[in-house]
Amino acid sequence: MRLSQLFAKPSKNEGLDYKIDSHRLLTQAGFIRESTAGRYYMLPLGIKVHQNIEKIIRDHMNKAGAQELIMPVLHPIDLWEETNRTTTTGFELMKVEDRRGAEFALGGTAEEMAVDLVRKFNISYRDLPFNIYQFSMKFRDELRARGGLLRVREFVMKDAYSFSTEEQFQDIYEQMWDAYINIFADMDLKVDVAAADNGYIGGEYCHEFIVESEVGESRYLVNSKTGEAWHEDVAVQEHGDKNTNEKEAKLEEVDAPRGKTMEDGAKHHNLPMWQQIKDVLYFDEATDRYVLAIIRGDLDVNEAKLTHVAKAWDLRAASDEEIIDDLNSAPGFISPVGFVKKGVKSGKEAVMVADKSLRSIRNAYGGANKKDKDLLNINIDRDYQPDIEGDIAMAEPNEAMIEKRGIEVGNIFQLGYHYSNLMDSAEYTSKEGKREKYYMGCYGIGLGRTMAAIVETHQDEKGIIWPASISPASLHIVAMRGGEDQAEKLYESLVSSGVEVIYDDRDLSAGAKLADADLIGVPLRAICSEKTSKKDVIEVTSRSDGDTQMLKADELLNTLKNS
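The model shown is predicted, which means the values in this text are computed figures rather than measured ones.

Right, let's talk about the overall build of the chain for a bit. Counting its secondary structure elements, the chain contains 14 helices and 31 strands. For the chain, the spread of C-alpha atoms along the three principal axes comes to 95 × 65 × 50 Å. Within the chain, counting contacts between residues at least 6 apart in sequence, those at least 24 apart form 71% of the total. Taken as a whole, the chain presents about 25900 Å² of accessible surface, with 46% of it coming from carbon and sulfur. Charged side chains in the chain number 70 positive and 98 negative. The centres of these two groups are separated by 2 Å.

Here the structure, examined in full by the defined rule, presents 15 aromatic pairs. Pairing Phe169 with Tyr173 gives two aromatic rings, centres 5.5 Å apart and planes at 45°, and the pair type is tilted. One end of the pair is Phe169 and the other is Tyr173, both in helix H5 (residues 166-186) and four residues apart, which spans about a single turn. Across the pair, exposure class does not vary: Phe169 and Tyr173 are buried alike.

The subject of this paragraph is the nonpolar core. Residues Phe31, Phe184, Met187 and Trp466 are the most contacted members of the largest nonpolar core, which totals 59 residues. Excluding its chain neighbours within four sequence positions, the residues that come into contact with Trp466 are Leu26, Phe31, Val49, Met451, Ile454, Val455, Ser471, Pro472, Ile520, Gly521, Val522 and Pro523.

Turning to the state of the cysteines, a few remarks are in order. Taken as a whole and assessed by the stated rule, the structure comprises zero disulfides. With no disulfide of its own, Cys442 lies closest to Cys206 among cysteine sulfurs, the gap being 8.5 Å. The exposure class of Cys442 is buried, given its relative accessible area of 4%.

It is worth spelling out the side chain of Asp116 at this point. Among the structural elements, Asp116 can be located in helix H4 (residues 111-118). In this structure Asp116 comes out as buried when scored by relative accessible area, which is 15%. In this view, Asp116 contacts Leu79 and Met423; residues no more than four positions away in its chain are not counted.

Looking now at the environment of His23. Note that His23 resides in helix H1 (residues 21-28). Measuring from C-alpha to C-alpha, the distance between His23 and Asp507 comes to 28 Å, with 484 residues separating the pair along the chain. Ignoring anything within four residues of it in the chain, the contact list for His23 reads Tyr18, Ile32, Tyr40, Gly147 and Gly148. Within the local environment of His23, its side chain forms a polar contact with the side chain of Tyr40, the two groups lying 3.0 Å apart.

This brings us to the sheet that holds strand S18 (residues 364-367). Sheet architecture is open: three strands sit in the order S13-S19-S18, paired in antiparallel fashion. One side of each edge strand has no neighbouring strand; the edge strands of this open sheet are strand S13 (252-255) and S18. The sheet shows a mean angle of 25° between the axes of neighbouring strands, direction not considered. As paired strands, S13 and strand S19 (residues 373-378) are joined by four bridges and run antiparallel to one another. Looking at S19, one finds that Val254 is bridged to Asp374. Contacting S13, S18 and S19, helix H6 (residues 262-269) runs over the sheet at an angle of about 125° to S18.

Attention shifts here to the pattern of salt bridges. Close approach of charged atoms lets side chains of opposite charge pair. Under the definition given, this model contains 51 salt bridges. Salt bridges linked by common partners bring Arg2, Glu488, Glu492 and Asp505 together as one network.

Our focus in this paragraph is the packing of helix H2 (residues 44-63) against H5. Interaxial distance between H2 and H5 falls to 9 Å at its minimum, and their mutual angle equals 150°. With respect to H5, the element H2 is oriented roughly antiparallel. Judged by the twist between their axes, the crossing of H2 over H5 is right-handed. Here Ile56, Ile57, His60 and Met61 of H2 lie close against H5, whose contacting residues are Met176, Ala179, Asn182, Ile183 and Asp186. Of the residues in the contact of H2 with H5, the class split is six nonpolar, two polar and one charged.

Okay, a negative patch on the surface next. Residues Asp78, Glu81, Glu97 and Glu103 make up a contiguous surface patch of negative charge. Relative to the elements of secondary structure, Glu97 occurs in strand S5 (residues 94-97).

Turning next to the environment of Arg219. For Arg219, the position within the fold is in strand S11 (residues 218-223). We classify Arg219 as buried; its relative accessible area is 7%. Placed 58 residues apart in sequence, Arg219 and Ile277 show a C-alpha to C-alpha distance of 25 Å. For Arg219, the residues in contact, after removing those within four places along its chain, are His231, Glu232, Met394, Ala395, Glu396, Pro397, Glu403, Lys404 and Arg405. Reaching out from Arg219, the side chain makes a polar contact with the backbone oxygen of Ala395 at a distance of 2.8 Å. Looking at Arg219, its side chain comes within polar contact range of the side chain of Glu396, at 3.4 Å.

Moving on: the packing of H1 against helix H10 (residues 447-457). Each pair of packed helices can be described by the angle between their axes along with the distance between the axes. It is at 8 Å that the axes of H1 and H10 come closest, and there the two elements cross at 100°. In terms of axis orientation, H1 runs roughly perpendicular to H10. Where H1 abuts H10, its residues Asp21, Ser22, Leu25 and Leu26 lie against Met451, Ala452, Val455 and Glu456. Its residues assigned to classes, the contact of H1 with H10 shows five nonpolar, one polar and two charged.

Here we take up the sheet that holds strand S29 (residues 524-528). To summarise the sheet geometry, strands pair through backbone hydrogen bonds and adopt either a parallel or an antiparallel arrangement. Spatial strand order, S28-S27-S29-S30-S31: five strands in an open sheet with mixed pairing. Edge positions in the sheet fall to strand S28 (501-504) and strand S31 (548-551), since each of these pairs with one other strand and no more. The sheet shows a mean angle of 25° between the axes of neighbouring strands, direction not considered. For strand S30 (residues 538-542) and S31, the ladder comprises four bridges, and the chain directions are antiparallel. From the neighbouring strand, Thr541 faces S31, where its bridge partner is Thr548. With respect to the sheet, helix H12 (residues 510-520) is in contact with strand S27 (475-479), S28 and S29, its orientation differing from that of S27 by roughly 170°.

Criteria and cut-off values
- Residues numbered from 1 in each chain as written.
- Predicted model: local features only at pLDDT ≥ 70, side-chain atom pairs only at ≥ 80, totals over all residues.
- Heavy atoms only, no water.
- Helix = DSSP H or I, 4+ residues; strand = E, 2+ residues; numbered from the N terminus.
- Contact = heavy atoms within 4.5 Å.
- Areas by Shrake-Rupley, 256 points an atom, 1.4 Å probe, with all protein chains shown as cover.
- Lys, Arg positive; Asp, Glu negative; His and termini not counted.
- Charge placed at Lys NZ, Arg CZ, Asp CG, Glu CD.
- Phe/Tyr/Trp six-rings, centres within 6.5 Å; stacked < 30°, edge-to-face > 60°.
- Buried < 20%, exposed > 50% of the residue type's maximum accessible area, 1.4 Å probe, protein only.
- Core = buried A, V, L, I, M, F, W, Y, C linked by side-chain atoms within 4.5 Å.
- Disulfide = S-S within 2.5 Å.
- Polar contact = N/O pair within 3.5 Å; in protein donor to acceptor, adjacent residues only side chain to side chain.
- Pairing = 2+ DSSP bridges.
- Axes fitted to C-alpha atoms, helices over the stretch in contact; angles between N-to-C directions.
- Salt bridge = Lys/Arg side-chain N within 4 Å of Asp/Glu carboxyl O.
- Parallel < 35°, antiparallel > 145°, perpendicular 65-115°, else oblique.
- Left-handed = near helix turned anticlockwise from the far one by under 90°.
- Nonpolar A, V, L, I, M, F, W, Y, C, P; charged D, E, K, R; others polar.
- Patch = residues over 30% accessible without salt bridge, like charges linked within 9 Å, V, L, I, M, F, W, Y side chains within 5 Å.

None of the figures reported here should be taken as evidence of function without further support.
So this is what it looks like as structure tokens:
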């Protein structure tokens, strides 16, 4: 590839205001360009990297026995209605209608399509297990696209779906786990594997493959001794008893002319935060009910945990108007004591969900459902009875648990019978001749996000440093004054030998060419100049460590072929 002929050449004037390094560098180096928010053009240099990532994934998926196919991008909406995901997804579903009035979902994930395909065949136990996968465009109407390729509205995903008996599933899951470890190792990405929440996908358990990075959206905790990791949405901690040996005191209402925050309450009563009850009121749009989450005051509510425990789908914070007018309470002074008994004016249901940490305290304090009024000596069971109890607390780092933040580049899900139970005829014929439900798993990797994660972890102040396995080229040739003929000859020789080469043959200064070479980030750079031409050698420099060698053309070719 001659840079003089390259469409979308590097430009350091682009993306100067981008806050995420990968967003800025991929834009400046000419790998991507934004269309509209959350949608990107993959440019000629970018598509080469994208294809190399795809090749690595495909190689390992095939080695693991998975079979590639392609599914339609438009999913008949009735398939999503069959599994109730038209209203319960974790992202806003994008829909289109054709000229016949048929409605389709733009695929955000493809479990329904995979099941619909498989149930079109007369599958028996002899056909199991199998794993089918595809590389396809996915669409998600994200509320806030951000960070370049890190959170987008259109992206290419490798998504795979396994079909098996329950007894066969664990082997498939472990095969995919191992395949993912090898995939990311081949891309020079170090990943933590964290137990995670399945969210809208369904199923009982899953794991995320996370690249540690401060720009990532995944917060997770790692055991400092074992290395075992958990996403914050599933991490469980014991919070320890505080004062359960105290005798229960009489419930008392007191004046409390204070602000609305937890800090205001602790300061006003001169009592520890942990003894206060934190009340967080939500409204679940999907089930049309209020959800009051209550927790020990020194802890925070994890909304993902709360969603599962309360069997909610679409939580939002309740408004002050709802708190006052519909629930007859007061913002900042909500209390579990008498909360549900007061009723809801609109007739909507209200459910109270208590975190298990409230069993670790006695004689708590908090609001009284009246402005500037608090209750002292609140005790669970005696003064209020939760509708649901469970773990809804956000886990926090401690001596045993290290907090990390990172970029989720892949995930593997146990789906079990979730989709086969919801979809008609999702069955195979057993050895005994009975119709049995498929046991399923799904396995995803986002290619664009993986590209961004690689840039976030492989860069310096000059630009990108691509791992050789996914670099857009093996060598970047820079022709200096007096070395044009040598560079031309080297380029033609390497191309004819099947080596991917970027050749900067532009009429620019040496400094500009070298700056662009550093920005693009090919692992090896070859300088051809008057000096090297006279000595019949080539100056070859490693992008990662700056190590420089003088090599003959045939030595360079051997180096490239053996790398």
